[in-house]
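Coordinates in review
Each chain, written out:
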Amino acid sequence: MSVACGLECVFCFGFSRWAWKRCTHVGSDDSATWTSATPEEFEPIPRICRVILAVYEPNLHTPKISPSIGKFDLNPDCVIKRVTHEKTQGRSPPYIIYVDHDHREIVLAIRGLNLAKESDYKILLDNKLGQKMLGGGFVHRGLLKSAAWVLNQESETLRSVWEENGREYDMVFAGHSLGSGVAALMAVLVVNTPAMIGNVPRSKIRCFAVAPARCMSLNLAVKYADLIFSVILQDDFLPRTATPLEDIFKSVFCLPCLLFLVCLRDTFIPEGRKLRDPRRLYAPGRIYHIVERKFCRCGRFPPEVRTAIPVDGRFEHIVLSSNATSDHAILWIERESEKALQELRDKSKEEVVTMAPKEKRMERLNTLEKEHKDALERAVSLNIPHAMSAAEEEAEEECIEAGASVVSKTKKKNWDEVVDKLFHRSNSGEFVLNENVATER
């Protein structure tokens, strides 16, 4: 009897400890050890959020949405193309192409999931774990097909606009929620085949994934962290949910129940097992985490922005929070990111200036580059499947640049052919990475 009572006490204590840790885990814990972002690197994010918001507006001359700054800070006449749900025929979420002459950027912005559109669900449902590979890692099949379709439609437009502006503007892909996954995979495709879009150099390609979907395996998420930037507001559920997106939105009407069960299940999966699963998808690139609430505190505090390229502990735990879904809204993210930018600027003014602004920017750029290389080496040391060291990545980039001029002289291909070139279909019907892709380049 005493042994049974002892075991019961141990079990109750263990369960109570687990319940306490899970219930007291807050969103800010995921980035507690990260460094603060600088105003210069965070400056584009609120502006890009407003460009994404513009996709939701049918007429920017008479907008119905009011951003945090009171009005849209983009010129409606510079929106050179707007594609609606009807024009995409369900192949992609709506998007716009906007030329920002003030910041020398060409922005392709994609809206998030529309709960009223069946076609958006079809994109999410078009995937099974480990079904699609791209460039040495697994990706979401439906989002990849959508990305290839958009590039098939808009490659020539983007190329001509870039050349008309002296080949000097940055090429920016941006999206929210569902659109973030499409934008991230578009950036990966363009970087791997620059000749298809006018040989835009890697240094001029950027992607902003706002409230990102988990759309690529860990090795790819780290590999492209120098050009893909994910923005997450506090407790947002989507970047933390490793459950396939199709299962989440099948259960959208009982989402809290699903999140609790996912939370319970993932608690008992060892961290090492998660890292060694090559099919497991993650939020892409470098992460900017906006934190505005504290544990056991009421109300919202002045937001702070933390940034890192995490390898292990990359937003692996669901936060049991009443804000898990509201923190996913693009309008709220835009407002909080604008507040966070003002906070960063105010703090920067208060700091004692010890070096010239230009030198300070160069120092930060060197730090970001070093963080990326350290993350690549960390992934290799943890035996992440298909992870590449910094030296191997540099060698691959040189191969891509060397092959770009050769590819540009060959016959024109579409993006579906580019995707097929990066992997082939096996006898069982599955997609397998072409090991000789790098050599062919």
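Everything in this summary refers to the structure shown in the same document. The shown structure was predicted, so the numbers you read here are calculated from the model rather than taken from an experiment. (Residues numbered from 1 in each chain as written. Predicted model: local features only at pLDDT ≥ 70, side-chain atom pairs only at ≥ 80, totals over all residues. Heavy atoms only, no water.)

**Quick notes on the overall build of the chain**
- Within the chain one finds 16 helices and 15 strands.
- Looking at the chain as a whole, 53% of its 441 residues are labelled buried.
- When contacts within the chain are restricted to residue pairs at least 6 apart in sequence, those whose partners lie at least 24 apart make up 73%.
- Within the structure as shown, the chain displays about 20,600 Å² of accessible surface, and the carbon and sulfur contribution to it stands at 55%. (Helix = DSSP H or I, 4+ residues; strand = E, 2+ residues; numbered from the N terminus. Buried < 20%, exposed > 50% of the residue type's maximum accessible area, 1.4 Å probe, protein only. Contact = heavy atoms within 4.5 Å. Areas by Shrake-Rupley, 256 points an atom, 1.4 Å probe, with all protein chains shown as cover.)

**Re empty space enclosed by the protein**
- If you walk through the whole model with that rule in mind, you get three cavities of 30 Å³ or more.
- Approximately 70 Å³ is the volume found for the second largest cavity.
- The wall of the second largest cavity is formed by G135, N219, L220, V222, K223, L376, A379, H386, A387 and M388.
- Only α8 (218-223) and α13 (357-381) provide two or more residues apiece to the lining of the second largest cavity.
- Element by element, the count of residues in the lining of the second largest cavity is highest for α8, at four residues.
- Broken down by class, the residue content of the lining of the second largest cavity amounts to six nonpolar, three polar and one charged. (1 Å grid on protein atoms, 1.4 Å probe; cavity = no way out; pocket = protein on both sides within 12 Å on 5 of 7 lines; lining within 4 Å. Points joined across faces, edges and corners; volume = space filled by probe spheres on them. Nonpolar A, V, L, I, M, F, W, Y, C, P; charged D, E, K, R; others polar.)

**Examining the layout of surface pockets**
- Roughly 1,500 Å³ of volume is contained in the largest pocket.
- Every residue lining the largest pocket is counted, 49 residues in all, and those nearest its centre are E41, Y288, R364, L365 and L368.
- For the lining of the largest pocket, the secondary-structure elements that each account for two or more residues are α2 (39-42), α3 (44-55), β8 (205-210), β12 (286-291), β13 (304-308), α12 (330-350), α13 and α14 (390-408).
- Examining the composition of the lining of the largest pocket, we find that 11 residues originate from one element, α13, more than from any other.
- Taken together, the residues that form the lining of the largest pocket break down as 18 nonpolar, seven polar and 24 charged.

**Structural notes on the state of the cysteines**
- Tallied over the full model, the rule gives zero disulfides.
- Cysteine C207 is unpaired, with the sulfur of C215 as its nearest cysteine sulfur at 8.2 Å. (Disulfide = S-S within 2.5 Å.)

**Structural notes on the packing of aromatic side chains**
- One pass over the structure, following the stated rule, counts four aromatic pairs.
- These aromatic residues form a ring-pair network of at least three members: F42, F208, F229 and Y288. (Phe/Tyr/Trp six-rings, centres within 6.5 Å; stacked < 30°, edge-to-face > 60°.)

**A closer look at the nonpolar core**
- Ranked by internal contacts, the top residues of the largest apolar core, which has 62 residues, are L108, F173, M186 and M216.
- Here this core takes 11 residues from helix α7 (residues 178-192), the largest share from any one element. (Core = buried A, V, L, I, M, F, W, Y, C linked by side-chain atoms within 4.5 Å.)

**Here we look at the packing of α3 against α12**
- Direction vectors running N to C along α3 and α12 enclose 160°, while the axes themselves pass 8 Å from each other. With respect to α12, the element α3 is oriented roughly antiparallel. Classified by chirality, the crossing of α12 by α3 is left-handed. Between α3, through I45, P46, C49, R50, I52 and L53, and α12, the contact on the second element is made entirely by I330, L331, I333, E334, S337, E338 and L341. (Axes fitted to C-alpha atoms, helices over the stretch in contact; angles between N-to-C directions. Parallel < 35°, antiparallel > 145°, perpendicular 65-115°, else oblique. Left-handed = near helix turned anticlockwise from the far one by under 90°.)

**Some remarks on the sheet that holds β8**
- Strands sit in the order β1-β13-β12-β10-β8-β7-β4-β3-β2 across an open sheet of nine strands; the sheet is mixed. Every other strand in the sheet has two partners, leaving β1 (35-36) and β2 (79-83) as the edge strands with one partner each.
- With six bridges connecting them, strand β7 (residues 170-176) and β8 associate as parallel partners. Note on β8: the bridge partner recorded for V172 is R206.
- The strands that α3 touches are β2, β3 (95-100), β4 (105-110), β7, β8, β10 (228-233) and β12; relative to β4, the one it contacts most, it runs at about 55°.
- Relative to β3, helix α6 (residues 141-164) is tilted by about 15°, and along the sheet it contacts β2, β3, β4 and β7. (Pairing = 2+ DSSP bridges.)

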